[in-house]
Amino acid sequence: MALDAAVQHIRQHTDAHPEIGLILGSGLGVLAEAAEDPVIVETAGVPGYPTSTVSGHHGRLVFGTLEGRSVVFVQGRAHRYEGHGMEAVTMPVRLLHALGVERLLVTNAAGGINPRFVPGTLMLLTDHLNWTHTAPPLAVTGWAAQARPAPSPYDPVWRAQVQELALAEGIAVEQGSYVWVLGPSYETKAEIRAFARLGADAVGMSTVPEVLMAHRLGMRVLALSTITNPAAGLSPVPLSHDEVLEVGQQVRTTLERLIRGIVYSARSC
């Protein structure tokens with residue numbers, strides 16, 4: 001089966017058993033450069049691993065250490081709008097779980113719906129709206145996922161710890177709800193008005209399937225959005241993916257400092 005073959009392929013390159021997995025969103029792939037003693041595995045050679053065609057998603061697994069803990073960075077993700085099914089989109093999460101990852105930090109670039117969340121804002125996800133109306137299957141090829149009883153996949157204890165950490169470090173971090181849309185086109189003005197009335201603070205085209213799968217597999221989950229642009233209709237200029245990548249670069253230093261703190265302090269919660 002594909003998952004077993006993928007694990008065997010990884011074991012030809014490293015015997016690491018990472019504790020924490022970090023999925024890097026658009027414009028945030030450079031954060032993988034923070035890994036110490038890195039072992040890089042190109043995902044193109046991993047059996048069953050989905051290919052990303054989006055700029056800013058490199059297609060690598062970077063194993064190493066960060067703040068003294070064994071980690072693996074997923075440098076590039078696959079999206080539903082690229083033609084992948086849910087099984088393929090969630091395959092990286094299932095692979096990380098099979099390699100021993102117990103905690104998953106998912107990052108993304110998102111459009112700001114909440115008028116207070118200007119480009120550069122960091123937002124911890126407290127909940128989400130699944131506007132695609134799809135979800136990972138309860139059973140997937142090569143792995144039987146577990147139904148999880150908790151009402152939300154976003155770990156409240158871990159999230160509260162990160163809020164305290166950010167406050168101590170002087171890093172502004174907001175909290176809010178994320179709405180997952182299929183893409184690849186940006187949303188209409190009418191959709192953004194509707195999302196705002198439904199309580200969404202940010203909008204994006206990823207994260208939710210990975211979070212749902214990780215939660216079903218019993219992993220502790222934290223998700224963090226970088227607001228890279230106002231959502232459609234909230235900006236006087238047209239939206240572009242280049243803007244997403246540019247803001248990702250601008251917040252790199254702050255985000256890396258926060259992620260280092262998250263990884264270091266995760267041992268205590």
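The structure this text deals with has already been given above.
Everything numeric here is computed off the predicted structure, so don't read it as measured data.

Visitor: Provide a residue-level description of empty space enclosed by the protein, including the pertinent values.
Guide: If you walk through the whole model with that rule in mind, you get two cavities of 30 Å³ or more. Reported here for the largest cavity is a volume of approximately 40 Å³. Lining the largest cavity we find Arg77, Ala78, His79, Arg80, Val89, Trp180, Met205, Ser206, Thr207, Pro209 and Glu210. Residue composition of the lining of the largest cavity, grouped by class: five nonpolar, three polar and three charged. Here the second largest cavity defines a volume of roughly 30 Å³. Around the second largest cavity, the lining residues are Leu31, Ala34, Leu66, Phe73, Glu256, Ile259 and Arg260. The biggest single contributor to the lining of the second largest cavity is helix H8 (residues 252-265), with three residues. Looking at the lining of the second largest cavity, its residues break down into five nonpolar, no polar and two charged.

Visitor: Outline the nonpolar core, supporting the account with residue identities and numerical values.
Guide: The biggest cluster of nonpolar side chains holds 40 residues, and the ones touching the most others in it are Ile10, Leu61, Phe63, Val93, Leu95 and Leu104. If you tally residues by element for this core, the top one is helix H6 (residues 208-216), at five residues. Discounting residues that sit within four places of it in the chain, isoleucine 10 has contacts with Val41, Val46, Leu61, Phe63, Leu95 and Leu99. Core analysis: the next-biggest nonpolar cluster, separate from the first, contains 29 residues, Val62, Phe73, Val162 and Ile259 among them.

Visitor: Could you give an account of the pattern of salt bridges, naming the residues involved and the relevant values?
Guide: Counted under the stated rule, the structure contains nine salt bridges. In this structure, glutamate 67 engages arginine 260 in a salt bridge whose closest nitrogen and oxygen atoms are separated by 2.9 Å. Taken as a pair, glutamate 67 in the loop between strand S3 (60-66) and strand S4 (69-75) and arginine 260 in helix H8 lie far apart in primary sequence, 193 residues in all. In this structure glutamate 67 comes out as partly exposed when scored by relative accessible area, which is 29%. Take arginine 260: its relative accessible area is 22%, and that puts it in the partly exposed class. Among the ionic contacts, a cluster of salt bridges with common partners joins Glu67, Glu256 and Arg260.

How each quantity is defined
Residues numbered from 1 in each chain as written. Predicted model: local features only at pLDDT ≥ 70, side-chain atom pairs only at ≥ 80, totals over all residues. Heavy atoms only, no water. 1 Å grid on protein atoms, 1.4 Å probe; cavity = no way out; pocket = protein on both sides within 12 Å on 5 of 7 lines; lining within 4 Å. Points joined across faces, edges and corners; volume = space filled by probe spheres on them. Nonpolar A, V, L, I, M, F, W, Y, C, P; charged D, E, K, R; others polar. Helix = DSSP H or I, 4+ residues; strand = E, 2+ residues; numbered from the N terminus. Core = buried A, V, L, I, M, F, W, Y, C linked by side-chain atoms within 4.5 Å. Buried < 20%, exposed > 50% of the residue type's maximum accessible area, 1.4 Å probe, protein only. Contact = heavy atoms within 4.5 Å. Salt bridge = Lys/Arg side-chain N within 4 Å of Asp/Glu carboxyl O.

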